[in-house]
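# Tertiary structure, described
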Amino acid sequence: MGNILDTLEPKDVYKFFREISAIPRPSYHTEKISEYLERFGLERGLYTRRDDLGNVVIKKEASEGFKDKETVILQGHMDMVAVKTPDSAVDPYKDGLDLQVEDGYLYAKGTSLGADDGIAVAFMLALLDGDYELPKLECIFTVEEEVGMDGALGLDMSDIEGKELINIDSEVEGILTLGCAGGIRLNGKFRRERTGPNTGKVYYIGVRGLKGGHSGMMIHLGRANSNILMGRVLKSIKDAGIDYRLVHIEGGEKDNAISLSTTASIYVPGVEYDWLQAKIESTVKECELKFISEYTGIEDGIKIEFCAQDEDDITCMSRKSTDMVVDFLNTTPDGVIKMSDDLPDMVETSLNIGTIVTEDDYVVTDQLLRSNAKAGKKEILDVVSKCIQDVGGEAVVFGDCPNWEYRKDSPLREKMVRIFKEEYGYEPKLEVVHAGLECGIFCDKKEDLDPVSIGPNILDIHTVKEKLDIESVNRTWKYLLKILQDVEG
Ligand SMILES: [Zn+2]
């Protein structure tokens, strides 16, 4: 009996997909797959270059009838997010994947499938290996996309001749991705002058019950950021005439997630009045009601916890340090800053105050700024840096990742839209994403680059449920061939 995998179309694509699925290739464990790709190119006598990071470039000369056509760059990443179920017999760090077919989908039993971005690798290998009439191809296979895009960042593009780049790392058929956000990371450092030890009551406040989410792809939903809400609670307590000092503040998990939980504790020096605790508690309660009504329909679980505890040996911050933190949280912008002028309903610039932590000498905020426009990133960086400095803090910039700016004039997009309509009978959706993609890095290295990103339907990527839509692969493959073999453009 034949294996059901042998029956899948396009045969060449699945042949190579199965070959690479037999080679473990989690991020940072890409040596074997990188060697495989290098060997693949050399065995076929193709121009093949493998760099120190493990990136591989393979070129194939144009077929007879395509000598005068533009070179096309194809690109995808060879690494995958490797996860497994606790009881999986397959260890994706050591073993090949156990590919299975069910209800029109391909999946890997017990692990992620790595169709993100193994399908791009399989497409490129099938094109390089096959007997297709094609223009000159430059295939770029990068490493470590899933863990910070180090492969793309370190890639030397000086031997890349093409301008048109088709990135095959999107997961929804029918969408052409035409731009991505650049990001920059920024720390706000607020000096923590300490006084103590003190004895008395410490009041604990916790902002809870928020939804959070990815700070790029989900920022347009307008969800609340717990660090910002905490800033507002602290300001309301101050506005109620209570001269407190911040003891500790901590919120959020990482800079690229919308913060969903923040805790702060405060201490009020001097005489302890009976009414103090009740006053703070009622102010906190008022804030909770205000936030619930403000975020109706967006957040439905907002809760602000409050408790008081007698303590000795309390180290609190000076009034100046307390004010710096509270004032910053109340003056900084957060969330969506600007929507795109070119494409409807797309966020262009955003900001997320991801974390706030109390260190020995500083309270530190960690924020990620994103923009699909180069100028937008600079603008928001200036605004936030000024907010930090205005209250007396220090702004530290790091981790600058370039954007891929939407090209008003893009011959590749025009060609791909035209062929999409011919093939599918309807208009593709044109999008820019408000997150980082490798294309941003390539555009930064090669100014004349004209990239478009596509891909077949892949569900639940980065999870053990990841599955690849088999028919969608077939359609996307035919679409890709039509683009490459187009004689009009
Ligand atoms: Zn990917």
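No experiment lies behind these values; they were computed from the predicted model shown.

Definitions and limits used
- Residues numbered from 1 in each chain as written.
- Predicted model: local features only at pLDDT ≥ 70, side-chain atom pairs only at ≥ 80, totals over all residues.
- Helix = DSSP H or I, 4+ residues; strand = E, 2+ residues; numbered from the N terminus.
- Buried ≥ 20, exposed ≤ 12 C-beta atoms within 10 Å, placed from the backbone.
- Contact = placed C-beta atoms within 7 Å.
- Core = buried A, V, L, I, M, F, W, Y, C linked by C-beta atoms within 7 Å.
- Pairing = 2+ DSSP bridges.
- Axes fitted to C-alpha atoms, helices over the stretch in contact; angles between N-to-C directions.
- Parallel < 35°, antiparallel > 145°, perpendicular 65-115°, else oblique.
- Left-handed = near helix turned anticlockwise from the far one by under 90°.
- Nonpolar A, V, L, I, M, F, W, Y, C, P; charged D, E, K, R; others polar.

### Quick notes on the overall build of the protein chain
The helix and strand tally for the protein chain stands at 11 helices and 21 strands. Each of the three principal axes of the protein chain carries a C-alpha extent, and together these read 90 × 50 × 45 Å. The buried share of the protein chain, taken over its 489 residues, is 45%. Partitioning the intrachain contacts of the protein chain with sequence separation of at least 6 by distance along the chain shows that 77% fall at a separation of at least 24.

### What to know about unusual backbone geometry
Each neighbour pair has its own omega, and for Glu9 with Pro10 the value is -5°, a cis peptide bond. Mapped onto the fold, Pro10 is located in the segment before α1 (11-21). A cis geometry characterises the amide bond from Gly196 onward to Pro197, with omega recorded as 0°. When you line up the elements, Pro197 lands in strand β10 (residues 194-208). Despite not being glycine, Asp345 has its phi angle at roughly 60°, a positive value. Phi is positive for His462, close to 65°, though the residue is something other than glycine. Relative to the assigned elements, His462 resides in the loop between β20 (458-459) and β21 (467-469). For His462, a count of 14 C-beta atoms within 10 Å gives the class partly exposed.

### Examining the nonpolar core
One finds Val13, Ile119, Ala122, Phe123 and Met124 to be the most contacted residues of the largest nonpolar core, which totals 73 residues. The element contributing the most residues to this core is helix α3 (residues 115-129), with 11 residues.

### Brief notes about the pairing of strand β11 (residues 245-251)
When you tally the buried positions in β11, you get 5 out of 7 residues, the bulk of the element. Here 6 bridges tie β11 to strand β12 (residues 262-267), and the two strands are oriented antiparallel to one another. When the sheet's bridge partners are listed, Ile249 is paired in β12 with Ala264.

### Observations regarding the sheet that holds β21
One open sheet accounts for 4 strands, arranged β4-β5-β21-β20; its pairing is antiparallel. At either margin of the open sheet sits one strand with a lone partner, and together these are β4 (99-102) and β20. In the sheet, strand β5 (residues 105-108) pairs with β21 via 3 bridges, with the strands oriented antiparallel. Note that in β21 the partner of Tyr107 across the bridge is Lys467.

### Examining the packing of α1 against α3
The geometry of α1 relative to α3 is characterised by a closest axis approach of 8 Å and an angle of 125° between their N-to-C directions. Viewed along their axes, α1 and α3 adopt a mutual orientation that is oblique. For the crossing formed where α1 meets α3, the hand is right-handed. Residue-level inspection shows Asp12, Val13, Phe16, Phe17, Ile20 and Ser21 of α1 in contact with α3, the latter providing Gly118, Ile119, Val121, Ala122, Phe123, Leu125, Ala126 and Asp129. When grouped by side-chain class, the residues that make up the contact of α1 with α3 number 10 nonpolar, 2 polar and 2 charged.

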